[in-house]
Structure formats: C-alpha cells, structure tokens
Amino acid sequence: MFNKIWKNKEDEPSSPLVYTKEEIMRNPIPKHVAIIMDGNGRWAKKRALPRAAGHYEGMQVVRKITRFANELGIKILSLYAFSTENWKRPKSEVDYLMKLPEQFLTTFLPELAEENVNVRVIGHIEQLPEHTRRAVERAIHETKENTGLILNFALNYGSRAEITYAVQQIAKEVQKGRLSPEQITEELVSSYLMTKDLTDPDLLIRTSGEIRLSNFMLWQLAYTEFWFTDVLWPDFTEQHLLEAIAAFQKRNRRFGGV
Ligand SMILES: CCc1cc(N2CCCCCC2)n2ncc(-c3ccc(F)cc3)c2n1
C-alpha cells in the first residue's frame, strides 16, 4: 500500500490523544459540518455480514452523531446518504436503502423533535419511491418550525446536476430579459442551488479512507477544511468527530494573524 499523506486511523490503536467535549467547546465550533458517510459495505464484509447490516449500523451512527453535533452547538449537519450514482447498486441493496429514511424517522423523529432538530433534504426526492418520499416530506413538515440543528440529508443528490440545473434556470431568466449577464455573480449562482438557505460547509469529513468528493457539494466546498479518516462510518464515534473538529480548530488558529 502506498504511503498515505495522513495517518491510518483504522489499523492503529485508538489515537493516544483523547479530546473532551468541554475542551473542544472552548474554541470556535464549525457552524456547518458535512459528512460523506462511507465504508458501510466494507464494515459488513469484514464481519461476513450482508451489506444491509452495514447500512443499518450506519443509520444508528447517524442518530448518535446528530445528537452529539447538536450538543456541541453545530448549526448545520449535512449527510451524504444517497448519491445519484448509488442507483447503479444491486436492486436489492437500493430497495433496502430506500427503506432507511422511514425506519430512521419512525424510530427517531420523536427524539429529533424533542431535540429541536430541523430536518431538511437536498436532492431530487421526486425520483424516490413514493413511500420514501412521503416519510421524508412528513419529517420536513413536522420539524420545519424547529430552530435547533439543521439536519440536512443529501438524497439522490449530485452536485454537477445541481449546478447544471442552476445554469439552465439562470439562462432562462436571461432569455426572458429578467436578468442581464452582468448580474450573474457568485452570490446569484449560489442562490439557485439547493443549498441556497444554508451557509457553506466549514468542515467536510469523509470516512473509510477514500480521498475524493464523489460529486458532493462541489461549489459549496470551495473554502471548506477537509478531514479524511480510515475509520469506517459504522465505527465512527463522538471521539472521531471531536478529533475532526480539533483538527479544524488547529488549522483555523491562524485566522487571528498571518
Ligand atoms: C436513502 C438512503 C439512506 C441511507 C442511509 N444510510 C445508509 C448509507 C449511509 C450511512 C447511513 C445510513 N440513511 N441513514 C439515514 C437516512 C435518512 C435519510 C433521510 C431522512 F429524512 C432520514 C434518514 C438514510 N438514507
């Protein structure tokens, strides 16, 4: 295996450094954390379990990390749950994945509401099975007045498609004479994206050792700190989130000066 530019977290004993919530909360907390939740299939394979077991375990981690992010004072947590490329997976796996939003919400929506969490979704949910879309729309409706953590699921989402659709919409406005080319600024483009009501991610976390963006929030991540870990998503813990935020805080210490 080639020598990686960052430490392998998965094979080493747990990091000698242990961070506490109190210690991390003494420094600025990233307002928007985005996570590419990778490694569920590999986690199952390592245990000779079906891939569905990895997805199920990954869903339990979503609940745990959502609760902890809310405690830390993170304002927005974006989770890449299903990309437009995921449709290429075996039908049985896609069918299972499409049941997870209902399962998650049936089990945890009362708790999310209790914790004042505001559920949102970016992506083309109109292309999801009816039962999946209904569960998601109900969660969005039932939590829309909540003012706590914004839990933003990326479902059937692809960044290039999002940007292309925005360009098409802007071109139509120019064609109708409602916009001039000079009015097309970065702010205007951002206002045509699905994330128009959200600030850009301050910290991106990707698990399972993959070092790529996989067509996730390409425009929005322009100035985001990236933190990669070999840890597989089902093994991701509050301590790993603290480690990622500690790295974010170390990198942003320079903000005070040159
Ligand atoms: C539709 C694919 C999918 C996969 C999935 N996994 C599987 C892959 C990633 C690891 C996490 C568990 N989760 N976990 C929660 C949701 C969810 C989505 C929307 C919502 F409103 C509430 C919950 C979810 N959705």
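Residue numbers restart at each chain and count upward from 1, following the sequence in its written direction. It should be noted that, the model being predicted, local features are given only for residues of pLDDT at least 70 and side-chain atom pairs only at 80 or more, the latter also being counted only at that level, while totals for whole chains, interfaces and linings use all residues. For side-chain calculations, the full set of non-hydrogen atoms in the structure is used, while hydrogens and water are omitted.

**Considerations on the site of the ligand**
To be explicit about the condition: A single heavy atom is enough: if one lies within 4 Å of a molecule or strand, its residue is considered near that molecule or strand. Any residue with an atom within 4 Å of a point lines the site, the site being either a cavity, points on a 1 Å grid over the protein atoms alone where a 1.4 Å probe fits but cannot get out, or a pocket, an open set with protein on both sides within 12 Å along at least 5 of 7 lines. What decides whether a molecule sits in a cavity or pocket is whether more than half of its atoms lie within 2 Å of the grid points. Each helix corresponds to a stretch of at least 4 residues labelled H or I by DSSP, and each strand to a stretch of at least 2 residues labelled E; elements are numbered beginning at the N terminus. Three residue categories are used. Nonpolar comprises Ala, Val, Leu, Ile, Met, Phe, Trp, Tyr, Cys and Pro, charged comprises Asp, Glu, Lys and Arg, and polar comprises the others, including Gly.
Near the ligand, the surroundings consist of 17 residues, among which His55, Leu100, Phe104, Phe153 and Leu155 are the closest. One can see that the ligand is located within the largest pocket. Mapped by element, the contributors of at least two residues to the shell around the ligand are α3 (51-72), β2 (76-83), α5 (100-114) and β4 (150-157). By residue class, the composition of the shell around the ligand is 14 nonpolar, 3 polar and no charged.

**Things to note about the environment of alanine 139**
Stated precisely, the cut-off is as follows: Only protein chains enter the accessibility calculation, which uses a 1.4 Å probe; a residue is then buried when its area is under 20% of its type maximum, exposed when over 50%, and partly exposed in between. Whether two residues touch is decided by their heavy atoms; if any such pair falls within 4.5 Å, the residues are in contact.
Residue position: alanine 139 is located in helix α6 (residues 130-143). You can call alanine 139 buried: its relative accessible area is 0%. The residues touching alanine 139, leaving out its near neighbours within four places in the chain, are Leu105, Leu109 and Val119.

**A word on helix α7 (residues 159-175)**
The condition that has to hold: Multiplying one less than the number of residues by 1.5 Å gives the expected span of a helix. Note that the arc is computed from the directions linking the helix axis to the C-beta atoms.
Relative to the 24 Å expected for 17 residues at 1.5 Å per residue, α7 spans 24 Å between its end C-alpha atoms, a close match to the ideal helical length. Among the residues making up α7, those that are buried are Ser159, Glu162, Ala166, Ile170 and Glu173. Along the axis of α7, the buried positions cluster into a sector of 65°, meaning they face one direction only. Exposed and facing more than 90 degrees away from the buried side of α7 are Arg160 and Gln175. Check the buried side of α7 and you find it contacts β4 and α8 (186-191). Where α7 ends, the next residue or the one after it, glycine 177, has phi of about 80°, a positive value.

**Thoughts on the packing of α5 against α6**
Note the following rule: Helix axes are fitted to C-alpha atoms over the stretch in contact, other axes to C-alpha atoms as well, and angles between N-to-C directions run from 0 to 180 degrees. A clockwise turn of the near helix away from the far one marks a right-handed crossing, whereas an anticlockwise turn of less than a right angle marks a left-handed crossing.
Interhelical geometry of α5 versus α6 gives an angle of 30° and a closest axis separation of 8 Å. Handedness of the α5/α6 crossing: left-handed. Counted together, Pro101, Glu102, Leu105 and Leu109 of α5 and His131, Thr132, Ala135, Val136, Arg138, Ala139, Glu142 and Thr143 of α6 form the full contact between these two elements. Considered class by class, the residues forming the contact of α5 with α6 number 6 nonpolar, 3 polar and 3 charged.

**A few points about the side chain of serine 83**
Position of serine 83 among the secondary structure elements: in strand β2. The contacts of serine 83, once residues within four sequence positions are left out, are Asn156 and Tyr157.

**Thoughts on the UniProt feature "active site" (unreviewed entry) in the protein**
Stated precisely, the cut-off is as follows: UniProt positions are given in the numbering used here, feature names are shortened, and annotations may be inferred rather than shown by experiment.
As annotated in UniProt, the feature "active site" (unreviewed entry) corresponds to Asp38 and Asn86 in the numbering used here. What stands out for the annotated residues spanning 49 residues is how close their C-alpha atoms remain, the widest pair being 12.2 Å apart. The annotated residues that sit in the lining of the largest pocket are Asp38 and Asn86. Its place among the elements puts aspartate 38 in the loop between β1 (32-36) and α2 (40-46). Dropping the residues within four chain positions of it, aspartate 38 is found in contact with Arg206, Thr207, Ser208, Glu210, Leu232 and Trp233. Along the chain, the position of asparagine 86 falls in the loop between β2 and α4 (91-97).

**What to know about the nonpolar core**
The tendency in soluble globular proteins is for nonpolar side chains to be buried as a group. Condition: Nonpolar cores are built from buried Ala, Val, Leu, Ile, Met, Phe, Trp, Tyr and Cys residues. Side-chain atoms within 4.5 Å join them into one set.
One finds Ile35, Leu77, Ile205, Phe236 and Leu241 to be the most contacted residues of the largest nonpolar core, which totals 49 residues. Among all residues touching isoleucine 35, those that are not within four sequence positions of it are Ile65, Leu77, Ser78, Leu79, Tyr80, Ile205 and Trp233. Listed in part, the 10 residues of the second largest apolar core include Ala34, Tyr80, Leu204 and Met217.

**As for the sheet that holds β1**
In plain terms, the rule: Strand pairing is defined by DSSP finding a minimum of two bridges between the two strands.
Ordered by their spatial adjacency, 6 strands build an open sheet running β3-β4-β2-β1-β5-β6, and the pairing between neighbours is parallel. Looking along the sheet, the strands with just one partner apiece sit at the ends: β3 (118-122) and β6 (225-228). Across the sheet, the mean angle from the axis of one strand to that of its neighbour is 20°, orientation sign disregarded.

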